[in-house]
Amino acid sequence: MNGTTTRDRLMLAVAVVMAAIYLFPLYWMYITALKSGSEVFATPPSFWPAAPQWSTYAFVWESRNMGRYLWNSLVIAVGSVALISVLGVGCAYVLARYRNAWVDVGLFLILMLQVLPASLMITPIFVGFSQLGVLEYPRLAVVIAIAAKSMPFFVVLVRATFMSVPQELEEAALVDGNSRIGAFFSIVLPLARNGILVSALLIFMQAFGEFVYSKSIIQAAELQPASVGLNSFMGPNTNEWNNIMAYATMYVTPILAIFVLLQRRIVSGLTSGALK
Amino acid sequence: MKSFFSSMRDGLGFDIALVAFALGFLLLMSGLPLVYNVVMSFQEVDMFSLGTFSRPFVGLRNYIDLFAQPETYPILLNTLIFVVGSIAGQFLIGFGLALFFWVNFPGASWLRGLFLVSWVMPGLVAGAIWNWILSGDFGVLNFILRETGLIDANIFWRSDPDYSLYAVILANIWLGTSFNMILLSVGLSGIPGDLYEAAELDGANAWQRFWTITLPMMRSTIGAIIALGLIFTLQQFDLFAAITSGGPNNASNVTQYWAWELSFRQYDFGKGATVSVVMIVFVMLAAVVYVRSTRHEVRG
Amino acid sequence: MTIQIELRGVNKHYGSFHALKDIDLSIAEGTFVALVGPSGCGKSTLLRSLAGLEKISTGDLKIAGQQMNGVPPRKRDVAMVFQSYALYPHMTVEENLTYSLRIRGVAKAQAKKAAADVAATTGLSHLLGRYPRELSGGQRQRVAMSRAIIRHPKAFLFDEPLSNLDAALRVHMRKEIRALHDRLHATSVYVTHDQIEAMTMADHVVVMRDGIIEQQGKPLDLYDMPVNKFVAGFIGSPAMNFIPATVGDDGKTLTLDLGTVRGTLAVSRTLQPGRKITVGIRPEHIGIAASGQGSFDVPVAVVESTGFTAFITAATTPELIVVETGRSAVRPGDMVGVRISPDQLHLFDDVTGVRV
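Because the structure is predicted, anything quoted here is derived from the model rather than measured.

Engineer: Before we go on, may I ask you to explain the overall build of chain B in this structure?
Structural biologist: Each helix and strand in chain B was counted, giving 15 helices and 0 strands. Computed over its C-alpha atoms, the radius of gyration of chain B comes to 24 Å, more than 25% above the 19 Å expected for a compact globule of 300 residues. Its C-alpha atoms put chain B at 75 × 75 × 30 Å along the principal axes. Sorting the 300 residues of chain B into buried and exposed places 44% on the buried side.

Engineer: Please clarify how the overall build of chain A should be interpreted in this entry.
Structural biologist: From N to C terminus, chain A includes 13 helices and 0 strands. Mapped in sequence order, the helices and strands of chain A form the string α-α-α-α-α-α-α-α-α-α-α-α-α. If one aligns the C-alpha atoms of chain A with their principal axes, the spans along those axes are about 75 × 70 × 30 Å. Contacts spanning at least 24 positions in sequence make up 74% of the contacts within chain A whose residues lie at least 6 apart.

Engineer: Just checking my understanding: could you explain the domain arrangement of chain A for this structure?
Structural biologist: One frequent convention defines the size of an interface as the accessible area lost when the parts assemble. The domains assigned to chain A are domain 1 (2–53) and domain 2 (65–225 + 252–274). Distance between the C-alpha centres of domain 1 of chain A and domain 2 of chain A: 35 Å.

Engineer: Help me understand the UniProt feature "transmembrane region" (unreviewed entry) in chain A in this model?
Structural biologist: Residue and element names in this part refer to chain A. Per the UniProt annotation, the sites labelled "transmembrane region" (unreviewed entry) are residues 12–31, 69–95, 107–129, 141–162, 183–205 and 244–262. Counted over residues 183–205, helix gives 100% and strand 0%. Its end C-alpha atoms are 31 Å apart. Taken end to end, residues 244–262 has its terminal C-alpha atoms 28 Å apart, with 95% of it in helix and 0% in strand.

Engineer: Help me understand the sheet that holds strand S1 (residues 3–14) of chain C in this model?
Structural biologist: All names here are of chain C. Pairing within the open sheet is antiparallel, and its 4 strands lie in the order S2-S1-S4-S5. The open sheet has two edge strands, strand S2 (17–28) and strand S5 (66–67), and neither has a second partner. Relative to S5, strand S4 (residues 58–63) runs antiparallel, the two being bridged by 2 bridges. Each bridged residue has a counterpart across the sheet, and for Ile63 the counterpart in S5 is Gln66.

Engineer: Sorry, what's going on with the UniProt feature "domain: ABC transmembrane type-1" (unreviewed entry) in chain A here?
Structural biologist: Per the UniProt annotation, the sites labelled "domain: ABC transmembrane type-1" (unreviewed entry) are residues 70–262 of chain A. A helix fraction of 81% and a strand fraction of 0% characterise residues 70–262 of chain A, whose end C-alpha atoms lie 22 Å from each other.

Engineer: Before we go on, may I ask you to explain the UniProt feature "transmembrane region" (unreviewed entry) in chain B in this structure?
Structural biologist: Residues and elements named next belong to chain B. Within this structure's numbering, the places UniProt gives as "transmembrane region" (unreviewed entry) are residues 12–36, 75–102, 114–133, 163–189, 210–232 and 272–291. Helix makes up 100% of residues 12–36 and strand makes up 0%, while its end C-alpha atoms are separated by 33 Å. The span residues 163–189 is 96% helical and 0% strand by assignment, and the distance between its end C-alpha atoms comes to 38 Å.

Engineer: Sorry, what's going on with the UniProt feature "domain: ABC transmembrane type-1" (unreviewed entry) in chain B here?
Structural biologist: Within this numbering scheme, the UniProt entry marks residues 76–290 of chain B as carrying the feature "domain: ABC transmembrane type-1" (unreviewed entry). In residues 76–290 of chain B, the share of helix is 74% and the share of strand is 0%. The end C-alpha atoms are 22 Å apart.

Engineer: Is there a simple way to think about the interface of chain B and chain A in this case?
Structural biologist: Residue-level contacts link 83 residues of chain B with 78 residues of chain A. The leading source of residues in the side of chain B that touches chain A is helix H2 (residues 12–40) of chain B, at 17 residues. Looking at the side of chain B that touches chain A, its residues break down into 63 nonpolar, 15 polar and 5 charged.

Engineer: Would you mind going over the environment of Ala290(C) with me for this structure?
Structural biologist: Residue and element names in this part refer to chain C. Here Ala290 lies in the loop between strand S15 (286–289) and strand S16 (296–305). The class for Ala290 is exposed, based on 12 C-beta atoms found within 10 Å. Each C-alpha atom of the pair Ala290 and Gly137 lies 49 Å from the other, and the pair is 153 residues apart in sequence.

Engineer: What should I look at first to understand the nonpolar core in this one?
Structural biologist: Membership of the largest hydrophobic core comes to 271 residues, with the highest contact counts inside it found for Ala248(A), Ile231(B) and Leu157(C). Tallying contributions element by element places helix H7 (residues 138–163) of chain A first for this core, with 17 residues.

Engineer: Can you walk me through the sheet that holds strand S11 (residues 241–247) of chain C in this structure?
Structural biologist: Each strand in a sheet pairs with its neighbour through backbone hydrogen bonds, running either in the same direction (parallel) or in the opposite one (antiparallel). Residue and element names in this part refer to chain C. Reading across from one edge, S13-S12-S11-S14-S20 is the order of the 5 strands in this open sheet, with antiparallel pairing throughout. The open sheet terminates on both sides in strands that have one partner only, identified here as strand S13 (261–266) and strand S20 (346–349). Put simply, the sheet's adjacent strands are angled 35 degrees from each other on average, direction ignored. Where S11 and strand S12 (residues 253–258) come together, 3 bridges link them in antiparallel fashion. Residue pairing in the sheet places Ala245 in a bridge with Leu256 of S12.

Engineer: Is there a simple way to explain helix H5 (residues 101–114) of chain A in this structure?
Structural biologist: Each α-helix winds once per 3.6 residues, and so residues spaced three or four apart point in a common direction. Taking 1.5 Å of rise per residue, the 14 residues of H5(A) would be expected to cover 20 Å, and the 20 Å separating its terminal C-alpha atoms lies within 8% of that figure. Listed in full, the buried residues belonging to H5(A) are Gly106(A), Ile110(A), Leu113(A) and Gln114(A). What you see down the axis of H5(A) is that its buried residues fit within an arc of 110 degrees, all on one side. Counted as exposed and oriented over 90 degrees from the buried face of H5(A): Ala101(A) and Val105(A). The secondary structure elements touched by the buried residues of H5(A) are helix H4 (66–97) and H7 of chain A together with H2 of chain B.

Engineer: Sorry if this is basic, but what is going on with the environment of Arg170(C) here?
Structural biologist: Summarising the element assignment, Arg170(C) is placed in helix H5 (residues 167–184). Residue classification places Arg170(C) among the partly exposed residues on the basis of 18 C-beta atoms within 10 Å.

Engineer: Help me understand unusual backbone geometry in this model?
Structural biologist: Omega for the peptide link from Ser237(C) to Pro238(C) comes to -5 degrees, which places this bond in the cis form. With respect to the helices, strands and loops of the structure, Pro238(C) is situated in the loop between helix H8 (229–234) and S11. Of note, the bond from Thr317(C) into Pro318(C) is cis; its omega dihedral lies within 30 degrees of zero at -10 degrees. Among the secondary structure elements, Pro318(C) is positioned in the loop between strand S17 (309–314) and strand S18 (320–325). In this structure, Ser245(B) is a non-glycine residue whose phi angle is positive, near 50 degrees. Here Ser245(B) lies in the loop between helix H13 (238–243) and helix H14 (255–264). Judged by C-beta crowding, with 18 C-beta atoms within 10 Å, Ser245(B) ranks as partly exposed. Notably, Ala86(C) is not glycine yet its phi reads approximately 50 degrees, a positive angle.

Engineer: How should the packing of H5(A) against H2(B) be read in this particular structure?
Structural biologist: Two quantities define a packed helix pair, namely the angle between the axes and the distance from one axis to the other. Interhelical geometry of H5(A) versus H2(B) gives an angle of 35 degrees and a closest axis separation of 11 Å. Both H5(A) and H2(B) take part in a crossing whose hand is left-handed. Between H5(A) and H2(B), the contacting residues are Gly106(A), Leu109(A), Ile110(A) and Leu113(A) on the first element and Val19(B), Leu23(B), Leu26(B), Ser30(B) and Gly31(B) on the second. Split by residue class, the contact of H5(A) with H2(B) holds 6 nonpolar, 3 polar and no charged.

Engineer: What should I look at first to understand the packing of helix H4 (residues 72–102) of chain B against helix H12 (residues 219–235) of chain B in this one?
Structural biologist: All names here are of chain B. The interhelical angle for the contact between H4 and H12, taken along N-to-C directions, is 130 degrees, at an axis separation of 10 Å. In terms of orientation, H4 and H12 fall into the oblique class. With respect to the hand of their crossing, H4 and H12 are arranged in right-handed fashion. Residues Phe82, Val83, Ser86, Ile87, Gln90 and Phe91 of H4 form the contact with H12, whose own contacting residues are Ile225, Ile226, Gly229, Leu230, Thr233 and Leu234.

Engineer: How do you make sense of the pairing of S13(C) when you look at a structure like this?
Structural biologist: Residues and elements named next belong to chain C. As paired elements, S12 and S13 share 6 bridges and run antiparallel to each other. In the strand pairing of S13, Leu258 is matched with Val261. The turn joining S12 and S13, which pair antiparallel and follow one another in sequence, is formed by 2 residues; a positive phi near 75 degrees is taken by Gly259.

Engineer: What exactly am I supposed to notice about helix H2 (residues 24–34) of chain A here?
Structural biologist: Every buried residue of H2(A) is accounted for by Pro25(A), Trp28(A), Met29(A), Ile31(A), Thr32(A), Ala33(A) and Leu34(A). Residues of H2(A) that are buried make contact with helix H3 (55–63) and helix H12 (241–261) of chain A together with helix H7 (123–133), helix H8 (140–147) and helix H9 (164–189) of chain B.

About the cut-offs
Residues numbered from 1 in each chain as written. Chains lettered and ligands numbered in written order. Predicted model: local features only at pLDDT ≥ 70, side-chain atom pairs only at ≥ 80, totals over all residues. Helix = DSSP H or I, 4+ residues; strand = E, 2+ residues; numbered from the N terminus. Rg over C-alpha atoms; globule rule 2.2 N^0.38 Å. Buried ≥ 20, exposed ≤ 12 C-beta atoms within 10 Å, placed from the backbone. Contact = placed C-beta atoms within 7 Å. Domains from an automatic or database assignment. UniProt positions renumbered as here; feature names shortened; annotations may be inferred. Pairing = 2+ DSSP bridges. Nonpolar A, V, L, I, M, F, W, Y, C, P; charged D, E, K, R; others polar. Core = buried A, V, L, I, M, F, W, Y, C linked by C-beta atoms within 7 Å. Axes fitted to C-alpha atoms, helices over the stretch in contact; angles between N-to-C directions. Expected span 1.5 Å × (residues − 1). Arc of directions from axis to C-beta. Left-handed = near helix turned anticlockwise from the far one by under 90°. Parallel < 35°, antiparallel > 145°, perpendicular 65-115°, else oblique.

Given below as structure tokens:
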């Protein structure tokens with residue numbers, strides 16, 4: 001008995017050390033953001049800020065107009081999640097309920113479209129959108145492009161969720177007097193809710209950090225999301241690393257907080273779909 | 001008409017409508033661009049002909065020009081190195097971590113999940129952090145390497161043509177390792193425990209059990225993960241944009257970044273489309289492998 | 001007696017698979033009908049067609065005189081108890097019971113009262129606030145039943161409702177379901193693969209195989225007069241012995257071919273001399289006698305005793321199984337005589353398996 005606890009503690013210690021090494025880049029981001037302009041370039045580098053410069057955050061927020069950038073990221077992410085959910089939930093449901101050659105074809109198509117790299121697809125999408133005039137509404141154009149790119153992933157995850165809801169429950173609801181639509185909303189959807197929310201959250205996080213489409217499609221600075229803002233902040237020969245890291249901190253901390261809070265659910269949702 | 005509505009409420013019509021909506025959108029926004037991409041690769045498309053549909057067809061000239069350019073083969077080679085290096089690093093480290101966390105101890109699953117933060121971070125932010133870590137004079141990586149005696153002089157990761165590609169690979173390994181680890185953990189936990197008990201009774205030691213039980217049982221999972229790694233690696237764009245921008249002088253350029261550069265830096269959309277088409281063929285091949293191996297998984 | 005459920009020439013195709021073949025079945029109001037057969041025989045498809053969960057390809061389906069072919073489940077007014085019970089996991093027992101009432105727009109207070117009434121008769125009153133995951137297997141089964149009862153449907157459909165229970169509970173629930181049926185006088189259709197359930201519970205048993213109704217009738221009629229070899233082998237436990245035989249020259253004797261043993265039996269009617277026939281004898285209809293005292297002698301291979309009965313397997317080809325009540329004195333290796341009464345023989349055509 002004692003042997004296992006000792007072993008457990010040892011394993012835990014090793015695991016913590018490995019996690020610390022792996023997550024060092026994150027630590028470095030948070031620490032650099034708190035350093036003063038001169039401390040950033042100190043040799044040897046300090047691993048703990050001498051005097052934390054909390055004012056950097058306010059300065060960067062103001063000077064880089066971060067509120068606007070984050071708002072645009074939020075608009076794009078919410079728009080993408082909304083579009084993908086509206087289109088994807090029903091599709092995933094049907095693909096989960098049938099097992100035939102047509103479903104296999106549909107799934108294959110969806111999986112194939114999932115793998116196309118955004119940086120390769122942006123060329124035809126950009127040209128097509130410019131011809132159709134969609135580029136007049138650049139954020140909408142980005143939302144549509146992201147939806148086309150991320151919906152397959154969403155459908156695969158949500159389909160796995162729906163498959164875990166036994167079909168008999170739905171049949172019981174039908175025999176109990178409900179219609180297909182009624183059974184879907186009163187039985188299937190409540191039971192699949194968590195899986196759908198987790199999948200939507202993953203899509204949200206992806207869209208919140210999206211870069212290629214936004215960079216290529218949105219020219220006007222006041223409509224660009226935070227990823228593009230960070231890219232233009234970095235420049236080739238920057239020396240404002242404390243400011244950049246403060247920017248990065250404000251950008252990712254909300255995402256990381258959500259992730260750490262809902263970690264267990266997100267990980268299980270992710271793994272249920274990726275290999276099935 | 002009545003039967004049509006009742007079919008929408010109760011029957012197949014309802015289901016078909018749901019799928020048709022989503023698939024229609026996908027085909028329009030993903031499938032059609034794919035076809036359009038191929039069409040454009042046979043056309044001359046620049047800033048001036050962008051808005052019109054009647055663009056001169058140039059046959060295979062884009063392709064011929066492409067393979068005549070001196071940078072093409074180095075970039076293709078870079079892509080290969082990037083893919084192989086990234087996948088090997090992500091997979092081996094990920095497998096090692098998955099095996100470690102497989103030993104159940106309190107807190108294992110929570111700590112393991114924590115690794116995934118690298119995967120949920122926006123690629124551009126991860127790129128920015130690595131850009132700073134890899135900085136030549138003041139980067140913390142050079143400091144650590146110097147202190148541990150691994151190097152004598154600073155490596156200019158981002159600006160030295162010998163290292164710039166590996167700088168991006170390093171960042172990409174960090175980004176993707178956690179995802180590999182999580183999927184491999186799922187595969188490992190799917191192996192029935194009594195197989196190991198049976199093997200142990202048959203006299204196999206830990207090493208033999210790994211080679212005769214774990215690896216063969218994980219074959220389809222590993223196939224899926226490597227194919228998935230290939231797909232993700234070929235999608236990696238943000239790290240290049242954030243760390244090296246493909247430089248210096250294309251030393252760290254790869255096809256997926258180059259295609260974008262051709263279109264959006266040099267405004268040669270026809271050439272960009274041509275590179276895309278070449279790459280998409282490779283991605284599709286990887287996708288087929290992935291789909292096949294997941295199929296195998298489902299049918300057990 | 002009015003006909004509650006009527007099927008005429010019902011067929012069901014899944015692509016090229018023909019699941020139901022020309023099914024004709026009439027179920028009188030208030031009867032308990034069991035559909036029984038091996039897995040894949042079409043019994044579940046038939047039940048699901050009654051519920052409207054499957055659409056029949058051709059034929060007529062009437063419930064309470066109304067044509068139901070294309071009618072969706074919700075308009076058929078039938079209740080179903082599923083094999084997995086299909087209790088809604090996100091609803092309490094009470095919510096599960098009242099779900100169908102709420103859908104129909106029954107007032108809340110009235111629905112609650114109905115749930116309380118049903119729960120009182122099925123012994124669930126103290127569980128109304130619980131969720132399905134907090135119940136035992138037997139309790140879940142009761143909730144599934146109550147959910148059907150509360151609706152006073154035109155018919156109850158049961159899809160192997162006892163197969164997830166342990167043996168003791170299964171025997172208990174068998175009686176409970178039958179008692180419930182007798183109290184409600186409802187029309188019930190009960191699908192099972194267990195012929196004992198069918199025999200003990202039903203008024204009318206329908207034996208199916210490969211999408212065809214092989215035979216239907218009262219349970220004991222099926223036991224006494226199976227129309228073919230399949231039904232004969234399916235009904236009764238342990239299963240009937242089948243032995244190849246040849247009719248003797250006089251047409252009144254049969255020579256049984258048991259491999260090393262040849263036995264001769266007299267039959268009570270005249271058959272065509274030299275005809276090949278399969279003889280069916282139920283194990284419980286064979287008596288054991290001292291060697292030389294029975295119809296013929298067989299060597300004993302195995303004796304399995306449960307205390308109350310003994311199963312004696314003879315070392316013949318095909319094996320001959322005999323059930324003896326009480327403690328058996330027979331030991332493996334003994335030669336014993338078997339006593340077979342001619343009027344308990346079932347004769348089947350050697351080729352078609354049809355009763356002769």
